Amino acid sequence: MGPPKNAADVIESGSSDWSPTTRNKMKQYWQVGAGIGRWVLVLAGGCWYWQVGAGIGRWVLVLAGGCWYWQIYAPSVESMMLSHDAPHLAVEEQEEIMNYVPSATYKGKKVLELGAGIGRYTTLLLENGVKEITAVDFMEVYVEENRKQNGHFSGANFLCADVTTLQFPQESFDMVFSNWLLMYLTDREVEGLLCRMLSWLTPEGHIFIRESCYHQSGQPLHLSESYYHQSGNVKRTENPSFYRTPLEYASKLGQCCTIEGETYHLIKAKSIQTYINLYRNPYQLCFLAQKTAVLPPTTGLCRKSIVTAAAASTEQELNTALLQESIHGKTWGCYGGGESALVLARSTATFEGKTVLDANCATGGLVMHFAQEGAARVVGLTSSPVCLHLSLLHLNSKGKEIIAKTSFELSSLLEWERRDKFDIVCANQMPLNKTNGTMVLAKLRTLLKESGQMLISIITSSIKNSDLLSEEELRTLAASAGFQNIETSINADFLPSIIKELAASKETLPSSDMPDVQREDYVNKLQDQVEKVSKGLHQLTVLSAAL
């Protein structure tokens with residue numbers, strides 16, 4: 001189908017379902033966008049969209065990013081969620097998100113809700129104790145519907161505005177809450193908004209964001225090796241959305257800094273379980289971050305340096321993780337790879353029908369192995385946005401049956417809160433030492449069901465004055481934490497595995513994406529580990545214990 005000769009022809013002939021008001025607005029929007037780049041006509045679900053080309057990155061028919069897109073939808077839960085399953089889906093999703101967001105972040109607090117739509121979360125936040133809420137959306141009809149539903153609350157305020165130009169005084173809100181907003185903004189708009197949100201927060205205030213990542217809901221995720229280094233914006237043909245990766249969102253949060261030296265601390269992130277259950281889709285993610293003062297006051301030049309350093313740090317961590325996988329095997333970002341890690345899997349009779357937590361999941365190898373071995377439910381926990389990103393990419397290749405019972409979460413183990421408990425808690429090469437050992441084992445104990453089993457491996461050491469635990473000290477700490485039936489053994493597969501990896505790392509051609517010095521540093525660390533294990537100074541110790 002070739003492009004029409006003029007907009008009026010399309011608006012009049014291709015829009016029989018549009019009201020006269022919508023047709024008039026369409027003509028106005030066309031005039032606004034006339035001459036700005038080339039346009040492409042796309043048929044999507046019976047609706048016509050005009051997309052700016054020539055690198056502009058915005059919609060021609062949009063005054064404030066996405067306006068026309070939403071003009072064709074009536075203000076309803078179905079239009080907000082773009083799903084025919086919305087009535088059922090909304091109840092489960094909203095309950096899950098409200099349970100995930102700590103009530104202390106909003107109860108009795110002043111909250112700014114961006115992209116509030118018809119007020120699905122405005123209602124819940126008000127009903128759950130928000131002192132005052134300012135609900136913002138850029139569609140007047142949605143704002144009025146929200147006002148109709150929630151205007152009777154004394155603390156409710158409603159504002160029709162474009163978030164890309166929105167301004168508030170510093171420290172105006174204790175929390176900023178947004179659901180499906182950033183995915184409709186360009187990278188530059190996201191970065192600017194996140195920085196302004198940081199300034200709007202009171203000290204130690206929080207932001208919650210939820211976004212569709214990687215691809216549109218219900219659509220397959222097609223990946224190539226190069227995708228690891230792409231921007232994450234999947235080609236858009238049916239709506240004005242940017243499908244970024246969770247790593248991109250984490251990186252953008254990390255690059256924000258106020259002149260007072262305040263930044264975001266990413267507390268936790270996870271896939272929305274409701275979408276996994278209903279659609280086998282783990283790519284709906286939410287993030288909770290806190291405003292934290294960790295730096296001295298900055299100048300504009302210093303802030304630019306911080307942004308550059310944060311981006312470089314993320315790139316370095318991603319390069320290291322990809323190097324580890326190239327050496328140790330895909331999904332196995334750890335010394336010894338799968339050969340060494342699977343010793344844990346052989347340390348119990350069966351995972352059939354069990355709920356399992358991998359408390360140090362790296363890039364997901366053990367998590368997906370447990371799911372394939374018949375575990376009823378497996379959760380992988382990591383404190384690394386890079387590992388979360390790579391784990392989700394690897395999960396895509398495992399099929400719907402494995403996706404249905406697998407989920408990954410980002411959090412520090414000691415800060416992680418979980419209502420349900422597990423039959424088995426495991427962790428390969430857990431970073432457990434004399435400094436954190438007591439706290440880590442106590443935390444793992446709280447995550448187990450009665451009669452549950454703990455299976456972990458850690459690098460132990462016979463070197464005096466080392467911060468690493470000895471095998472005997474590990475057993476003593478486990479007993480002090482309340483574990484019983486404590487057994488330790490040496491992983492005999494560890495040394496042959498890392499010797500093989502060291503040889504392979506020296507033969508593998510350097511990656512063009514990794515600086516030589518970074519690669520050499522990692523290979524040197526691997527060689528040092530081989531030498532210490534060969535001399536008996538280090539060993540990989542497996543600990544099995546029960547409640």
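On a predicted model such as this, the values are computed, not experimentally measured, just so you know. (Residues numbered from 1 in each chain as written. Predicted model: local features only at pLDDT ≥ 70, side-chain atom pairs only at ≥ 80, totals over all residues. Heavy atoms only, no water.)

Visitor: Go over the overall build of the protein with me, naming the residues and quoting the values.
Guide: In terms of regular secondary structure, the protein is built from 19 helices and 16 strands. Across the protein, every contact between residues at least 6 apart in sequence was considered, and the portion connecting residues at least 24 apart equals 72%. For the protein, the exposed area adds up to about 23,900 Å²; of that, 52% sits on carbon and sulfur atoms. (Helix = DSSP H or I, 4+ residues; strand = E, 2+ residues; numbered from the N terminus. Contact = heavy atoms within 4.5 Å. Areas by Shrake-Rupley, 256 points an atom, 1.4 Å probe, with all protein chains shown as cover.)

Visitor: Could you give an account of the pattern of salt bridges, naming the residues involved and the relevant values?
Guide: One pass over the full model with this rule turns up 16 salt bridges. Of the charged contacts in the structure, one is a salt bridge between Asp528 and Lys532, with a shortest N-O distance of 3.3 Å. Residue Asp528 and its partner Lys532 are both found in helix 19 (residues 516-534); the two are separated by 4 residues, about one turn of the helix. Because the salt bridges share partners, they merge into one network encompassing Asp187, Glu191, Arg244 and Lys252. (Salt bridge = Lys/Arg side-chain N within 4 Å of Asp/Glu carboxyl O.)

Visitor: How would you summarise the packing of helix 12 (residues 337-345) against helix 18 (residues 494-507) if you had to cite specific residues and measurements?
Guide: Viewed as axis vectors pointing N to C, helix 12 and helix 18 meet at an angle of 160°, and their least axial separation amounts to 8 Å. Between helix 12 and helix 18, the crossing angle belongs to the class labelled roughly antiparallel. In terms of crossing hand, the pair formed by helix 12 and helix 18 is left-handed. Together, Gly337, Glu339 and Ser340 of helix 12 and Phe494, Ser497, Lys500 and Glu501 of helix 18 make up the contact between the two elements. (Axes fitted to C-alpha atoms, helices over the stretch in contact; angles between N-to-C directions. Parallel < 35°, antiparallel > 145°, perpendicular 65-115°, else oblique. Left-handed = near helix turned anticlockwise from the far one by under 90°.)

Visitor: So what's going on with the packing of aromatic side chains? Residues and values would help.
Guide: The full count for this structure, using the stated rule, is 10 aromatic pairs. Between Phe177 and Phe208, the aromatic rings sit 4.9 Å apart at their centres with planes inclined by 25°, giving stacked as the arrangement. With Phe177 in strand 6 (residues 173-179) and Phe208 in strand 7 (residues 201-212), the pair connects residues that are 31 residues apart, well separated along the chain. Using a relative accessible area of 1% as the deciding quantity, one classes Phe177 as buried. Pairwise contacts between aromatic rings join Tyr121, Phe177 and Phe208 into one cluster. Between Arg210 and the ring centre of Trp180, over which it is positioned, the NZ or CZ distance is 3.9 Å. Over the ring of Tyr100 we find Lys268; its NZ or CZ atom is 4.0 Å from the centre of that ring. (Phe/Tyr/Trp six-rings, centres within 6.5 Å; stacked < 30°, edge-to-face > 60°. Buried < 20%, exposed > 50% of the residue type's maximum accessible area, 1.4 Å probe, protein only. Lys NZ or Arg CZ within 6 Å of the ring centre and 35° of its normal.)

Visitor: Outline unusual backbone geometry, listing residues and values.
Guide: Not every positive phi belongs to a glycine, and Trp180 is a case in point at roughly 55°. Tracing the chain through its elements places Trp180 in the loop between strand 6 and helix 8 (187-200). Even without a glycine there, the phi angle at Asn485 is positive, about 50°. With respect to the helices and strands, the residue Asn485 is situated in strand 15 (residues 484-490).

Visitor: Help me get a handle on helix 17 (residues 471-480), residues and values and all.
Guide: When we look at burial in helix 17, the residues that qualify are Leu474, Leu477 and Ala478. The buried residues of helix 17 all sit within an arc of 100° when viewed along its axis, so they share a single face. Of the exposed residues in helix 17, the ones pointing more than 90 degrees away from its buried face are Glu472 and Ser480. (Arc of directions from axis to C-beta.)

Visitor: Describe the nonpolar core, naming the residues involved and giving the relevant values.
Guide: By size, the foremost hydrophobic cluster in this structure holds 96 residues, and its most contacted members are Leu114, Ile207 and Tyr264. Contact partners of Ile207, with chain neighbours within four places excluded, come to Val176, Leu194, Met197, Leu201, Leu253, Tyr264, Phe287, Leu288 and Ala289. (Core = buried A, V, L, I, M, F, W, Y, C linked by side-chain atoms within 4.5 Å.)

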